[in-house]
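# Structural overview for review
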Amino acid sequence: MEEEPVANGTTMVCVPSHPLIKHWISILRNEQTPCATFKNAMAELGRLLIYEASRDWLPVVNGEIRTPMGVATVEFVDPHEPIMIVPILRAGLALAEHASSVLPATRTYHLGMRRDEMTLEPSLYLNKLPDKFQEGSQILLIDPMLATGGTVIAAVDLLKDRGAEDKQIKVISAIAAPPALRKLSQKFPGLHVYTGIVDPILNEKGFIVPGLGDAGDRSFGT
């Protein structure tokens, strides 16, 4: 796994080098990719990134089971400690679609946020977070495009308002850009970001370049 350090802080940005991740990023980038294929590619990319983010992070229990040939010592992911999945609507739904097929136990809470096209500032229109996260909860925050950083920072603030700490949160994104990563690094030391690729710049409208366009519109055909 490649790990790209971010200046001015201790956020760790992890860009897994798996060829399947590069494949799905390439499908997502192509402007000719139809909506259904795009949404599927987003879901497959999310599956791989969630797999990487959960490495060495899942609560486990040990025991013994009987196989057809004898007794084996085994290790299971603890079903009593679900991973909290928090997709940011809309596009976060597509990236998080396969979370429950990767993780044996999950609990999903939705956040709806939209970005003002003029100010680039986020506004909240849906909040289904619990009043307080249990101590030790592990949370995957799903935000496909980390561009200016406004949306993801507002989302992390909401998680922390409900008792989560930086070390309990991992961010999953399809594509990230330096402005968002710098802001996360400065405000939330210890946070981990797992992304398919880091693109170099934003345009005047705050979109990642070369990026993949509007992930929500392309996922849902709107």
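Residues numbered from 1 in each chain as written. Predicted model: local features only at pLDDT ≥ 70, side-chain atom pairs only at ≥ 80, totals over all residues. Heavy atoms only, no water.

## A short note on the packing of aromatic side chains
- Enumeration according to the criterion identifies one aromatic pair in this entry.
- Consider the rings of Tyr109 and Phe133, whose centres lie 6.0 Å apart with planes at 90°: the pair is edge-to-face. Taken together, the positions of Tyr109 in the loop between β6 (106-108) and β7 (111-115) and Phe133 in the loop between β8 (122-127) and β9 (139-142) put the pair 24 residues apart, joining distant regions of the chain. (Phe/Tyr/Trp six-rings, centres within 6.5 Å; stacked < 30°, edge-to-face > 60°. Helix = DSSP H or I, 4+ residues; strand = E, 2+ residues; numbered from the N terminus.)

## What about the UniProt feature "domain: Phosphoribosyltransferase" (unreviewed entry) in the chain?
- Under the local residue numbering, the UniProt record ascribes the feature "domain: Phosphoribosyltransferase" (unreviewed entry) to residues 15-222.
- Measuring from the first to the last C-alpha atom of residues 15-222 gives 29 Å, for a span that is 32% helix and 30% strand. (UniProt positions renumbered as here; feature names shortened; annotations may be inferred.)

## Structural notes on the packing of helix α5 (residues 150-161) against helix α6 (residues 178-187)
- For the pair α5 and α6, interaxial distance at closest approach is 9 Å and the crossing angle is 25°. With respect to α6, the axis of α5 lies roughly parallel. Two packed elements cross with a definite hand, and for α5 against α6 that hand is right-handed. Counting all contacts with α5, which are made through Val152, Ile153 and Asp157, the residues of α6 involved are Lys183, Leu184 and Lys187.
- Taken together, the residues of the contact of α5 with α6 sort by class into three nonpolar, no polar and three charged. (Axes fitted to C-alpha atoms, helices over the stretch in contact; angles between N-to-C directions. Parallel < 35°, antiparallel > 145°, perpendicular 65-115°, else oblique. Left-handed = near helix turned anticlockwise from the far one by under 90°. Contact = heavy atoms within 4.5 Å. Nonpolar A, V, L, I, M, F, W, Y, C, P; charged D, E, K, R; others polar.)

## As for the pattern of salt bridges
- The final tally for this structure, using the stated rule, is nine salt bridges.
- With a shortest N-O distance of 3.9 Å, Lys167 and Glu165 are connected by a salt bridge.
- One continuous salt-bridge network, built from bridges that share partners, spans Arg90, Asp214 and Asp217. (Salt bridge = Lys/Arg side-chain N within 4 Å of Asp/Glu carboxyl O.)

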